[in-house]
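Below are the chains, spelled out letter by letter.
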Amino acid sequence: MRTIALVTQKGGSGKSTLAACLAVAAQEAGERVFLFDMDPQKSLLKWGARRNDKELPVEAISAAKLPTALATLAKGNVTLTIIDTPATETQASEAAIKAADLCIIPVRPTIFDIWSSETTRGKIKTMMKDYVFLLNQCPSSRETQRVLDGAAAIEAMGGLLRPLIASRVDYQEAAREGMGVTEINEESPAAEEMRQLWTSLKKRLARLKAGDKQNKKAA
Ligand SMILES: Nc1ncnc2c1ncn2[C@@H]1O[C@H](COP(=O)(O)OP(=O)(O)OP(=O)(O)O)[C@@H](O)[C@H]1O
Ligand SMILES: [Mg+2]
């Protein structure tokens with residue numbers, strides 16, 4: 001089982017939206033997915049209740065209970081756990097970072113968001129965990145100078161996961177329906193970018209796994 005955590009102290013950057021849409025895209029690609037919502041706002045939990053899908057469980061979890069819950073899931077048939085975290089509650093986000101194989105830091109392409117994400121990255125680095133940035137809510141023309149500058153600034157801070165995620169009404173519509181963007185319109189640009197996102201994430205997770213094995217061999 002691999003564990004991904006969506007983390008950033010900046011509110012509204014898209015942690016819950018991306019957790020939900022990625023979970024659905026990964027499930028469609030054959031993963032058995034479990035979602036944890038650590039945010040007292042419970043956005044993801046409400047999305048899950050609306051969805052009511054036994055194949056894609058969503059549970060609230062505290063920082064204290066997370067390690068045991070993940071250990072139990074790892075013994076079963078779940079292949080991917082995605083953790084959504086609150087922007088402000090440090091105990092929860094620290095527990096998620098600690099538990100994750102990979103942290104995703106969603107960032108909107110604005111300078112304030114990019115500055116904020118440096119703090120989150122600093123924390124993850126201190127904890128010696130793997131992370132990658134994801135640019136979300138980009139203008140749908142995408143290649144504006146602001147976005148290109150944002151992508152360059154983020155590349156300089158660490159890895160930037162591709163593709164860039166555009167700002168699209170589909171993300172908001174899907175959330176409202178308890179669905180993923182790949183479900184409300186499977187031919188849409190949003191669906192395509194979410195499938196591509198899962199493909200790049202899967203590759204990155206596989207690279208981490210290969211690295212783990214090499215480290216164990218070397219030890
Ligand atoms: N790619 C996108 N296109 C359009 N709207 C988006 C996109 N991503 C997120 N949003 C919208 O932005 C808002 C914030 O998203 P979301 O709640 O997922 O962020 P968050 O990081 O989980 O926020 P919080 O820190 O408050 O939990 C929501 O209204 C959501 O619908
Ligand atoms: Mg949220």
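Below you will find a few notes about this structure. (Residues numbered from 1 in each chain as written. Chains lettered and ligands numbered in written order. Predicted model: local features only at pLDDT ≥ 70, side-chain atom pairs only at ≥ 80, totals over all residues. Heavy atoms only, no water.)

### Focus: the overall build of the chain
To keep it simple, the criterion reads: A helix here means a DSSP run of H or I that spans at least four residues, while a strand means a run of E at least two residues long, and both kinds are numbered starting from the N terminus. In this description the radius of gyration comes from C-alpha coordinates, and the expected globular size is given by 2.2 Å times residues to the power 0.38. We call two residues contacting when some pair of their heavy atoms lies within 4.5 Å. Only the protein chains shown count as cover for residues, and the accessible areas themselves come from Shrake-Rupley with a 1.4 Å probe.
Across its full length, the chain holds 9 helices and 7 strands. Its C-alpha atoms give the chain a radius of gyration of 16 Å, within 12% of the compact-globule value 17 Å for 219 residues. Its C-alpha atoms put the chain at 45 × 40 × 30 Å along the principal axes. If you take every contact in the chain between residues at least 6 apart in sequence, the share linking residues at least 24 apart comes to 75%. Carbon and sulfur atoms make up 51% of the accessible area of the chain, which totals about 10,700 Å².

### So, the pattern of salt bridges
Here is the rule we go by: By definition here, a salt bridge exists when the distance from a side-chain nitrogen of Lys or Arg to a carboxyl oxygen of Asp or Glu is within 4 Å. Classification of residues uses two cut-offs on accessible area relative to the type maximum, computed with a 1.4 Å probe and protein chains only: under 20% is buried, over 50% is exposed, and between them is partly exposed.
Within this structure, the stated rule accounts for 10 salt bridges. The partner of Arg 176 in a salt bridge is Glu 177, and the shortest N-O contact between them spans 3.9 Å. Take Arg 176: its relative accessible area is 47%, and that puts it in the partly exposed class. With a relative accessible area of 39%, Glu 177 lands in the partly exposed category. Each of Arg 51, Asp 53 and Glu 183 takes part in a single network of salt bridges with overlapping partners.

### Digging into a nonpolar patch on the surface
Our working definition: Residues enter patches when their relative accessible area tops 30% and they take part in no salt bridge; the joining distance is 9 Å for like charges and 5 Å for the nonpolar side chains Val, Leu, Ile, Met, Phe, Trp and Tyr.
Together, Ile 111, Phe 112 and Trp 115 give the surface a local cluster of nonpolar side chains, amounting to about 370 Å² of exposed area. The topology assignment puts Trp 115 in helix α5 (residues 111-126). According to the relative accessible area criterion, Trp 115 is partly exposed, its value standing at 49%.

### As for unusual backbone geometry
Put simply, Arg 162 and Pro 163 share a cis peptide bond, and its omega is 0°. With respect to the secondary-structure elements, Pro 163 resides in the loop between β7 (160-161) and α7 (169-177). Backbone geometry at Asn 52 places phi at a positive 55°, although glycine is not the residue there. Its location among the elements puts Asn 52 in the loop between α2 (43-51) and β3 (58-60).

Geometric descriptors of this kind do not, in isolation, establish any biological role.
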